[in-house]
Amino acid sequence: MSATDSIASPRLRLKNAPGAAVLCLGAGLVGGILTNLAQGWLPGAWNNLANSGAVWTMFAFAAGVAFAHRTEGHRGPAAAGALAEVGLVVGYYGYAEFGRGGMGSLTFPLLWLSMACVAGPLFGVAGAWSRRATRPWRRYVALGALGGLFGSEGLHYWLGLGYLPQAMVCVALACGLPLLLGRTWKERGLSLAVAIPASFVTYQVLYGLLDAVSG
């Protein structure tokens, strides 16, 4: 099976790979700085949404969507997602170091950088799958995984922090994104069916890891 069997033939090939890499990395850097600033702009517990792993992962997903029809196979969307996520981490902690008087211990910057190198490629490919996968189940998984990220954050805000309003926003996004991005009612319904277990699995794995590191 060739590398492109799972994805429909693209309409264009990406001709300026270095320029695309700079664009993805630059978008991530700007996004990282803005999310750091937004923590100071948003009131009270709402500033947690600015520092949201699900929001950050949207950058990788969007990069995959943007490059879905501009490059063949999985490498382009995966690289675009990875660069966007790495840029977010560097931008966020770079601004913390030079704009806010220090980022503190290297533990969490290195942890998030490692996670960026995993989540970035995965959700870059998911973004491409959501637009041009020829096998329907891949679109269900892509949209369900995106919804599951927000669902897991909703569980964290509710069960871990007791922030019910913020949890409800995340649940609304967990349900709303598959409904908004799905192309048929069948696709929307099956994507939601994926998002529900994905929310619980991601909550257990991701926040279990973060608790272990911070503990």
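Here the structure is shown first, and the text comes after it.
Residues numbered from 1 in each chain as written. Predicted model: local features only at pLDDT ≥ 70, side-chain atom pairs only at ≥ 80, totals over all residues. Heavy atoms only, no water.

1. Details of the overall build of the protein chain
Thought 1: Along its length, the protein chain carries eight helices and zero strands.
Thought 2: Beginning at the N terminus, the succession of helices and strands in the protein chain can be written as α-α-α-α-α-α-α-α.
Thought 3: Rg of the C-alpha trace for the protein chain: 17 Å, near the compact-globule value of 17 Å for 215 residues, within the 12% margin.
Thought 4: Viewed in the frame of its principal axes, the protein chain has a C-alpha envelope of about 50 × 40 × 30 Å.
Thought 5: Within the protein chain, the proportion of its 215 residues that are buried is 41%.
Thought 6: Sequence-distant contacts, at least 24 apart, represent 77% of the contacts inside the protein chain between residues at least 6 apart.
Thought 7: Carbon and sulfur atoms form 70% of the exposed surface of the protein chain, whose accessible area is close to 10,800 Å².
Thought 8: Looking at charge distribution, the protein chain has the averaged site of its 14 positive side-chain charges lying 14 Å from that of its 7 negative ones. (Helix = DSSP H or I, 4+ residues; strand = E, 2+ residues; numbered from the N terminus. Rg over C-alpha atoms; globule rule 2.2 N^0.38 Å. Buried < 20%, exposed > 50% of the residue type's maximum accessible area, 1.4 Å probe, protein only. Contact = heavy atoms within 4.5 Å. Areas by Shrake-Rupley, 256 points an atom, 1.4 Å probe, with all protein chains shown as cover. Lys, Arg positive; Asp, Glu negative; His and termini not counted. Charge placed at Lys NZ, Arg CZ, Asp CG, Glu CD.)

2. Quick look at the side chain of Arg188
Thought 1: Looking at the element boundaries, Arg188 is found in helix 8 (residues 185–214).
Thought 2: Only 3.2 Å separates the side chain of Arg188 from the backbone oxygen of Gly182, close enough to count as a polar contact.
Thought 3: Apart from residues no more than four positions distant in its own chain, Arg188 is found in contact with Pro178, Leu179, Gly182 and Arg183. (Polar contact = N/O pair within 3.5 Å; in protein donor to acceptor, adjacent residues only side chain to side chain.)

3. Notes on the packing of aromatic side chains
Thought 1: According to the stated counting rule, one finds five aromatic pairs in the structure shown.
Thought 2: Across from the ring centre of Trp185, 4.6 Å away, lies the NZ or CZ of Arg188, which sits over that ring. (Phe/Tyr/Trp six-rings, centres within 6.5 Å; stacked < 30°, edge-to-face > 60°. Lys NZ or Arg CZ within 6 Å of the ring centre and 35° of its normal.)

4. Notes on the packing of helix 3 (residues 53–66) against helix 4 (residues 75–99)
Thought 1: Close contact between helix 3 and helix 4 brings their axes to 8 Å; oriented N to C, the two are set at 150°. Judged by the inter-axis angle, helix 3 sits roughly antiparallel to helix 4. The interaxial crossing formed by helix 3 with helix 4 has right-handed handedness. Judged by residue contacts, Trp56, Thr57, Phe59, Ala60, Ala63 and Gly64 of helix 3 engage Pro77, Ala80, Gly81, Ala84, Glu85, Leu88, Val89 and Tyr92 from helix 4.
Thought 2: Of the residues assigned to the contact of helix 3 with helix 4, the class counts are ten nonpolar, three polar and one charged. (Axes fitted to C-alpha atoms, helices over the stretch in contact; angles between N-to-C directions. Parallel < 35°, antiparallel > 145°, perpendicular 65-115°, else oblique. Left-handed = near helix turned anticlockwise from the far one by under 90°. Nonpolar A, V, L, I, M, F, W, Y, C, P; charged D, E, K, R; others polar.)

5. Re the nonpolar core
Thought 1: Core analysis: the biggest nonpolar cluster contains 16 residues, and Phe61, Phe123, Ala126, Trp129 and Phe150 have the highest contact counts within it.
Thought 2: For this core, the elements supplying multiple residues, two or more each, are helix 3, helix 5 (107–132), helix 6 (136–161) and helix 7 (164–181).
Thought 3: Broken down by element, the residue count for this core peaks at five residues, all from helix 6.
Thought 4: The next biggest cluster of nonpolar side chains, apart from the first, holds seven residues, and it includes Met115, Leu155, Leu206 and Leu210. (Core = buried A, V, L, I, M, F, W, Y, C linked by side-chain atoms within 4.5 Å.)

6. Looking at the pattern of salt bridges
Thought 1: Applying the stated criterion to the full structure yields one salt bridge.
Thought 2: Its salt-bridge partner being Arg139, residue Glu187 comes within 3.0 Å of it at the nearest N-O pair. On the criterion of sequence distance, the pair formed by Glu187 in helix 8 and Arg139 in helix 6 is long-range, its members being 48 residues apart. Note on accessibility: Glu187 and Arg139 belong to one class, buried. (Salt bridge = Lys/Arg side-chain N within 4 Å of Asp/Glu carboxyl O.)

7. Describing the packing of helix 6 against helix 7
Thought 1: The contact between helix 6 and helix 7 brings their axes to 7 Å, and the two run at 170°. The orientation of helix 6 relative to helix 7 falls into the category roughly antiparallel. Here Leu143, Leu146, Gly147, Phe150, Gly151, Glu153, Gly154, Tyr157 and Trp158 of helix 6 come into contact with helix 7, specifically with Leu164, Gln166, Ala167, Cys170, Leu173, Ala174, Leu177, Pro178 and Leu181.
Thought 2: The residue inventory of the contact of helix 6 with helix 7, partitioned by class, reads 13 nonpolar, four polar and one charged.

8. Thoughts on a nonpolar patch on the surface
Thought 1: The grouping of Val30, Leu34, Trp41, Leu42, Trp46, Val169 and Leu173 at the surface amounts to a nonpolar patch, some 620 Å² of accessible area in total.
Thought 2: Elements with a contribution of two residues or more to the nonpolar patch: helix 1 (17–41) and helix 7.
Thought 3: With three residues, the top contributor of residues to the nonpolar patch is helix 1.
Thought 4: As for its placement among the helices and strands, Val30 is situated in helix 1.
Thought 5: The exposure class of Val30 is partly exposed, given its relative accessible area of 48%. (Patch = residues over 30% accessible without salt bridge, like charges linked within 9 Å, V, L, I, M, F, W, Y side chains within 5 Å.)

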